[in-house]
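Close look at the chain arrangement
One letter stands for each residue in the lines below.
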Amino acid sequence: MKYDFAAIEPKWQKRWEEAKVYAAADHSDKPKFYGLVEFPYPSGQGLHVGHPRPYTAMDIVTRKKRMDGYNVLFPMGFDAFGLPTENYAIKNHIHPAKVTKDNIKNFTSQLKMLGFGFDWDRVVDTTDPSYYKWTQWIFLQLYKKGLAYKATMPVNWCTSCKCVLANEEVVEGVCERCGAPVVRKEKSQWMLRITQYAQRLIDDLDELDFIERVKIQQRNWIGRSTGAEVTFKSTAGDDIVVFTTRPDTLFGATYMVLSPEHELVKSWLEAGKLHNADEVAAYQKAAASKSDLERTELNKEKTGVCLDGVRGVNPVNGREIPIFISDYVLSTYGTGAIMAVPAHDDRDWEFAKKFGCEIIEVVSGGEDVQKAAFTAKDETGVLVNSDFLNGLTVKDAIPAVTKWLEEQGIGEAKVNYKLRDWVFSRQRYWGEPIPMVYCGKCGWQPLPEDQLPLLLPEVESYEPTDDGESPLSKMTEWVKTTCPRCGGEARRETDTMPQWAGSSWYFLRYMDPHNDTALASKEALDYWSPVDWYNGGMEHTTLHLLYSRFWHKFLYDIGVAPTKEPYQKRTSHGMILGEGGEKMSKSRGNVVNPNDIVAAYGADTLRLYTMFIGDFEQAAVWSDNAVKGCKRFLDKVWNLAESCADSLEHTKANEALLHKTIKKVADDIEAMKFNTAIAAMMTLVGDFQKNGCSKGDMRTLVTLLSPFAPHVAEELWEMLGGAGFVCQQPWPAYDERKTAADTVQMAVQVNGKVRSNIVVPADADNDAIIAAAQADPKVQKFTEGMALARTVVVKGRLVNLIVKPQ
RNA sequence: GCCGGUGUGAUGGAAUUGGUAGACGUAGCGGAUUCAAAAUCCGCCGGGCUAAUCUCCCGUGUGGGUUCGAGUCCCACCACCGGCACCA
């Protein structure tokens, strides 16, 4: 018989489905294991080779867990709201729901074709009303707790998608999705107060088993910095509050800078206090019209205008100092105002040089501050020109001055975060409707929960409008409603939620996907929480991963979720690149379609190859040629199974390696080193070919192989007379004692250089090993006439003789 | 600029975490089988020296260092990739 993957694979997929071997039990005496992969966006192109890599990896992990006796939950679903579907629908005049349905169908069959052990009874679809009912429900809870609010503010506006973007969706000043320029636009938006969770999102990382780069990236994104808020006076009598991380340098503040949007500037202009009002207004206007891209590109040259008519007063010494406006101070961070200390801040220094401001050294220990700012924040700097702070190090001066400011009532310690609140409105059709109603009398009112889900209405056109309104705004009949509070005439919110909404809690829905009275039952949540291991892309670190941690913490706070954190462990895979080492893309024409590989070599070969291609965490380059090696390996296994000896005993010659391999494959799966696990099995097969092998040997091999290549493993298991499914067998036991051979080969070094090899009994003691080494003629060539000064023995590896001339 | 990551044969990558560098796989070369090809099997496959050998010499981005011993640790640099970017 031949290894006929085209017949075998569908056969076993069908049998697995019939026997429901991958269904997770709601109740079980076994320990639970919840393995999760990021659910795909069901695009029209179908699966590409990027998908199988993380899916196969977690499939292997969860299959191994099942064999280890866990009750495993390994679910799959579809994150189906989003722009591509909507754009496709617009172009082809098909309803997005229909497009989504077709795409999901296609994705499902492709995923099944690859033999993943998903529990298909638990599929979720974020666009299904029975699902988004609960997305809307969570929004209402956020609203009720004051964590969702409507605010008019400058937001990121994608000129091509005609839609608002979250900060996280703007990459280098352009839209993450389409690459079009992003501009600032004043809009009234729903916002989520993620900033209220900033500290907890940082702190709780400590308890989690996330790979370090994910933690670092999240911490950096949240961007905590500690310092103080200090109140300056203006000569016009106002308080100007500034934030600084360096309160110790207060005596060196020689001017102030307000962001162009600062409200004090507005009020001074209106009150006619500024003699150069025209110049100031012109600068404000120019700053407002700059896109993010222009802001970042122009960040080399500092610009600004000095306010003529109002000055600031430094509270520590009563000195009057000039006030500027400049767009290097952001209105959205801190208080939108700074004290400038050019001697000890690079940006202030640069600005001071350009505008001729005074530079006063208050921390000694650096070079001449007229030539460059001295910014060290450690013990190297000592305070000078600073009255009561003189002589203190920077480290000591910061708490000292903070305490003093608090006593004087002119300042206090303060923590700031770079993280901004989450802009939650999108002016598009294909998203969850925001369940809010605006009444002229009562203001914004939440929809009563019994009216959920608030269904997306059928519309004629999904086109976004140029005036920045959602397509839903044209649905006058849908928009018109009554106020839940007073019963009067009211309008529905016409913006929809962003793509990230549905994915912020989907892992909870898998625990109890058909529940109609709660997002999931308490029992299911208690049993399955948290996700034990979640693998996904690095690109979601500051988006989905952060958002869903935020939502989950909120659900924990209101008593819905049982754990503080949603995911115990997070790992991340590298991308698969095209053959040239470039990103796969349609325009480059280097996209590999999994269907083609499955047709030519079978799903097992594809699975094996995507795991063998390289280090799982590292990017890897696709190679059509190397796929063949994996197919050959499976062919060899097949041929061995057909020709092996009938005995169920292990062959003596293979025993040591067999036991080593059992251990190695198990350890490597846990460490996600799938490539070396496969290499170890290849080595074992090489030994089987050399030494011959028995049915017993082959059964063990096939069991080890089954998480990686489940179809062929099932077929061979059956062929070798195994009972039941191989995927339901326990992981083979290995015997530590049997992994050791009787004798070992050791390298002999003389002064650190390998000169020979000796074979000694595995249990030989150091003296015996040294004696054997010294007896070796090749070694003697180098030790002759020398005195042995020292020996180093590494059991089972090498012996090093250190000799000196006599 | 700041924060991460990576750098090893022709090539994808291994290396028990300080212990014989190049496992395993591709590609290549030689042989067996075949009328022939495919498939399969066996052997070779970093560089140098050599007629050929020999753990003889060199070799893990570069230059130093620590160590009996360094791909692995330390210091200084170079190149590429990713993230952030006027966050006071």
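Everything quoted here is computed from the prediction, not taken from an experiment. (Residues numbered from 1 in each chain as written. Chains lettered and ligands numbered in written order. Predicted model: local features only at pLDDT ≥ 70, side-chain atom pairs only at ≥ 80, totals over all residues. Heavy atoms only, no water.)

Some words on unusual backbone geometry
Here the amide bond leading from Leu452 into Pro453 is cis, since omega sits at -5°, within 30 degrees of zero. Along the chain, Pro453 falls in the loop between strand E22 (443–446) and helix H13 (476–479). For the peptide bond that leads from Ser529 to Pro530, omega is -10°, which places it in the cis range. By the secondary structure assignment, Pro530 is in the loop between helix H15 (522–528) and strand E25 (533–535). Look at Asp387: it is not a glycine, yet its phi comes out positive at around 50°. Relative to the assigned elements, Asp387 resides in the loop between strand E18 (382–383) and helix H12 (394–408). (Helix = DSSP H or I, 4+ residues; strand = E, 2+ residues; numbered from the N terminus.)

A short note on the packing of helix H5 (residues 129–144) against helix H16 (residues 544–557)
How two helices pack is summed up by the angle between their axes together with the distance between the axes. Contact geometry of H5 with H16 gives a least axis separation of 11 Å together with a crossing angle of 70°. Judged on the interaxial angle alone, H16 and H5 are roughly perpendicular. Our pair here, H5 against H16, has a crossing hand that is left-handed. The residues of H16 that touch H5, namely those facing Thr135, Trp137, Ile138, Gln141 and Leu142, are Phe550, Trp551, Phe554 and Leu555. Looking at the contact of H5 with H16 residue by residue, the classes come out as seven nonpolar, two polar and no charged. (Axes fitted to C-alpha atoms, helices over the stretch in contact; angles between N-to-C directions. Parallel < 35°, antiparallel > 145°, perpendicular 65-115°, else oblique. Left-handed = near helix turned anticlockwise from the far one by under 90°. Contact = heavy atoms within 4.5 Å. Nonpolar A, V, L, I, M, F, W, Y, C, P; charged D, E, K, R; others polar.)

Notes on the pairing of strand E24 (residues 489–492)
By the alternation rule, side chains of E24 split into Ala490 and Arg492, which are all buried, and Glu489 and Arg491, of which none is buried. The pairing of strand E21 (residues 436–439) with E24 spans three bridges and is antiparallel. By the bridge assignment, Tyr438 is partnered in E24 with Arg491. One ladder, built from three bridges, connects strand E23 (residues 480–482) with E24; its direction is antiparallel. Each bridged residue has a counterpart across the sheet, and for Thr481 the counterpart in E24 is Ala490. Counted between consecutive antiparallel strands, the loop separating E23 from E24 contains six residues, among which Gly487 sits at a positive phi close to 80°. (Buried < 20%, exposed > 50% of the residue type's maximum accessible area, 1.4 Å probe, protein only. Pairing = 2+ DSSP bridges.)

Points about the state of the cysteines
Two cysteines form a disulfide when their sulfur atoms are joined by a covalent bond. For the structure on display, the rule yields zero disulfides. Looking at Cys306, it has no disulfide partner, and the nearest cysteine sulfur is the one in Cys357, 7.3 Å off. According to the relative accessible area criterion, Cys306 is partly exposed, its value standing at 32%. Residue Cys644 stays outside any disulfide, its sulfur separated by 5.3 Å from that of Cys693, the closest cysteine. (Disulfide = S-S within 2.5 Å.)

Some remarks on the pattern of salt bridges
Inspection of every chain in the model, using the stated rule, returns 44 salt bridges. Glu617 serves as the salt-bridge partner of Arg213, at 3.4 Å between the closest nitrogen and oxygen. A residue pair is termed long-range when its members are at least 10 positions apart, and Arg213 in helix H7 (residues 212–222) and Glu617 in the loop between helix H18 (603–612) and strand E28 (620–621) qualify at 404 residues. The residue Asp526 makes a salt bridge to Lys522 at a minimum N-O spacing of 2.8 Å. Here the residue Asp526 and the residue Lys522 both occupy positions in helix H15, the gap between them amounting to four residues, near one helical turn. By relative accessible area, which is 38% here, Asp526 ends up partly exposed. The class of Lys522 is exposed, set by a relative accessible area of 55%. Connected through shared salt-bridge partners, Asp204, Glu207, Arg549, Lys553, Lys564 and Glu565 make up one network. (Salt bridge = Lys/Arg side-chain N within 4 Å of Asp/Glu carboxyl O.)

Things to note about the packing of helix H20 (residues 652–670) against helix H22 (residues 695–705)
The N-to-C vectors of H20 and H22 enclose an angle of 15°; their axes lie 11 Å apart at closest approach. Judged by the angle between their axes, H20 and H22 are roughly parallel. The chirality of how H20 crosses H22 is left-handed. Residues Asn654, Leu658, Thr661, Ile662 and Val665 of H20 form the contact with H22, whose participating residues are Asp697, Thr700 and Leu704. By residue class, the composition of the contact of H20 with H22 is four nonpolar, three polar and one charged.

Digging into the side chain of Asn71
In this fold, Asn71 is placed in strand E2 (residues 71–73). A residue is classified by how much of its surface remains accessible, and Asn71, at 7% relative accessible area, is buried. At 2.9 Å, the side chain of Asn71 forms a polar contact with the backbone oxygen of Ala25. Once residues lying within four places of it in the same chain are set aside, the contact partners of Asn71 are Ala24, Ala25, Ser28, Lys30, Pro31, Lys32, Phe33, Tyr527 and Trp528. (Polar contact = N/O pair within 3.5 Å; in protein donor to acceptor, adjacent residues only side chain to side chain.)

Notes on the environment of Tyr506
For Tyr506, the location among the structural elements is in helix H14 (residues 506–509). With relative accessibility at 0%, the residue Tyr506 sits in the buried group. The contacts of Tyr506, once residues within four sequence positions are left out, are Leu36, Val37, Glu38, Phe39, Tyr131, Tyr534 and His544. Of the polar contacts made by the side chain of Tyr506, one reaches the side chain of Tyr534; its length is 2.7 Å.

A short note on a negative patch on the surface
On the surface, Asp742, Asp763, Asp765 and Asp767 cluster together to form a negatively charged patch. In this structure, Asp765 sits in the loop between strand E30 (753–761) and helix H25 (766–775). Note on Asp765: relative accessible area 46%, which makes it partly exposed. (Patch = residues over 30% accessible without salt bridge, like charges linked within 9 Å, V, L, I, M, F, W, Y side chains within 5 Å. Areas by Shrake-Rupley, 256 points an atom, 1.4 Å probe, with all protein chains shown as cover. Lys, Arg positive; Asp, Glu negative; His and termini not counted. Charge placed at Lys NZ, Arg CZ, Asp CG, Glu CD.)

Description of the sheet that holds E22
Strand order in the open sheet made by the four strands is E22-E21-E24-E23, with antiparallel pairing throughout. Taken across any chain shown, the strands that pair with only one partner, and hence form the sheet edges, are E22 and E23. Neighbour to neighbour, the strand axes of the sheet diverge by 40° on average, direction disregarded. Sheet topology note: the E21/E22 ladder contains four bridges and is antiparallel. By the bridge assignment, Cys439 is partnered in E22 with Gly443.

A look at the pairing of strand E5 (residues 148–158)
In terms of strand pairing, E5 meets strand E9 (residues 182–192) through eleven bridges, oriented antiparallel. Looking at E9, one finds that Ala151 is bridged to Gln189. Where E5 meets strand E6 (residues 163–165), three bridges bridge the pair, whose relative direction is antiparallel. Counted as the bridge partner of Cys158 is Cys163 from E6. Between E5 and E6, which follow one another and run antiparallel, lie four residues, and Lys162 among them has a positive phi close to 55°.

Points about the nonpolar core
Of all hydrophobic cores here, the largest spans 165 residues; its most connected members are Trp422, Trp551, Trp622, Phe674, Met698 and Phe708. Every residue in contact with Met698, bar those within four places of it in the chain, is listed here: Val637, Leu640, Ala641, Cys644, Phe688, Cys693 and Leu720. Within the second largest apolar cluster, 53 residues are counted, among which are Phe232, Trp268, Tyr328 and Trp404. (Core = buried A, V, L, I, M, F, W, Y, C linked by side-chain atoms within 4.5 Å.)

Some words on the protein's contact with RNA strand B
In the vicinity of RNA strand B, 56 residues are found, and the nearest of them are Ser225, Thr245, Arg347, Arg797 and Asn800. Within 4 Å of the protein, the contacting atoms of RNA strand B are drawn from sugar and phosphate to the extent of 58%. Within the backbone of Leu330, an N or O atom sits 3.0 Å from a base nitrogen of RNA strand B. Here Val754 contributes a backbone N or O atom positioned 2.9 Å from a sugar or linking oxygen of RNA strand B. With six residues, helix H21 (residues 674–691) is the single largest residue contributor to the surface near RNA strand B. Residue classes in the surface near RNA strand B are distributed as 20 nonpolar, 20 polar and 16 charged. (Near = heavy atom within 4 Å.)

Observations regarding a positive patch on the surface
On the surface, a cluster of positive charge is made up of Lys753, Arg755, Lys778 and Lys781. At the level of secondary structure, the elements contributing two or more residues to the positive patch comprise E30 and helix H26 (777–783). Residue placement: Arg755 occurs in strand E30. Here Arg755 falls in the partly exposed class, since its relative accessible area comes to 31%.

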